[in-house]
Amino acid sequence: MDLDVRDAVEADAETLGAIVDLPADALRNVVHDRTVRLAVEPASDPGPNADVASDGDDVAGAADESVLGFVAFDVRDGTVHVTQLAGDADVAERLLAEPVRFAVNEGFDVSFVVPDSDADAAAAARAAGFEAVGSGPRFDGEATTRYRFRPGD
């Protein structure tokens, strides 16, 4: 799958909120408090007229990017914690490479709690090298599975 990954900025909060059905203010806080990486469709070729002013019919820029998913993570007590993941299984697998890369560089494990109903996230975790290590906490009454990535395993 061809996609680009970039850091999220505050202006992305509305889009992120729409993806996970949460208020933009909540996602704005996530962008401020955690590392958030977005999967976006690759920029298209600007064409031969890229240096010519637009006539207004085509608006280019980040606002027109197609966001395919995102991952949010932070570090506590020597472990990288994936706190949110959105996107189909292929996009999610690619996004999980972001906290894994950080963890490998720092010598940390990665922890990820997945609702049992989220088959895409579970498939992405397994494909990215995470191992199911047991039950996790219940979220809104829903059972979860705790996944762990250990560098070198």
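Residues numbered from 1 in each chain as written. Predicted model: local features only at pLDDT ≥ 70, side-chain atom pairs only at ≥ 80, totals over all residues. Heavy atoms only, no water.

### So, the overall build of the chain
Condition: Helix and strand assignments come from DSSP, with helices taken as H or I runs of at least 4 residues and strands as E runs of at least 2, each series counted from the N terminus. Exposure is judged per residue with a 1.4 Å probe applied to protein chains only, and the accessible area is read against the type maximum: over 50% gives exposed, under 20% gives buried, and values in between give partly exposed. The contact rule is simple, with two residues in contact once any of their heavy atoms fall within 4.5 Å.
The secondary structure content of the chain amounts to four helices and seven strands. Moving toward the C terminus, one meets the helices and strands of the chain in the order β-α-α-β-β-β-α-β-α-β-β. Evaluated residue by residue, the chain yields a buried proportion of 35% over its 153 residues. Nonlocal contacts in the chain, meaning residues at least 24 apart in sequence, comprise 63% of its contacts between residues at least 6 apart.

### Re the pairing of strand S2 (residues 35-40)
For clarity, the cut-off: Paired strands, as defined in this entry, are two strands with at least two bridges between them according to DSSP.
With five of six residues buried, S2 lies mostly within the body of the structure. Two elements, strand S1 (residues 4-7) and S2, share four bridges in a ladder whose sense is antiparallel. By the bridge assignment, Arg-6 is partnered in S2 with Leu-38.

### Observations regarding helix H4 (residues 119-127)
The cut-off we apply is this: The directions considered for the arc run from the helix axis to the C-beta atoms.
Within H4 the residues assigned to the buried category are Ala-121, Ala-122, Ala-124 and Ala-125. Projected down its long axis, H4 shows its buried positions confined to an angular sector of 165°, all on one face. Opposite the buried face of H4, at more than 90 degrees from it, the exposed residues are Ala-119 and Arg-126. In this structure, the buried side of H4 is in contact with strand S4 (79-86), helix H3 (89-106), strand S5 (109-115) and strand S7 (144-149). One or two steps after H4, the chain reaches Gly-129, where phi turns positive at roughly 95°.

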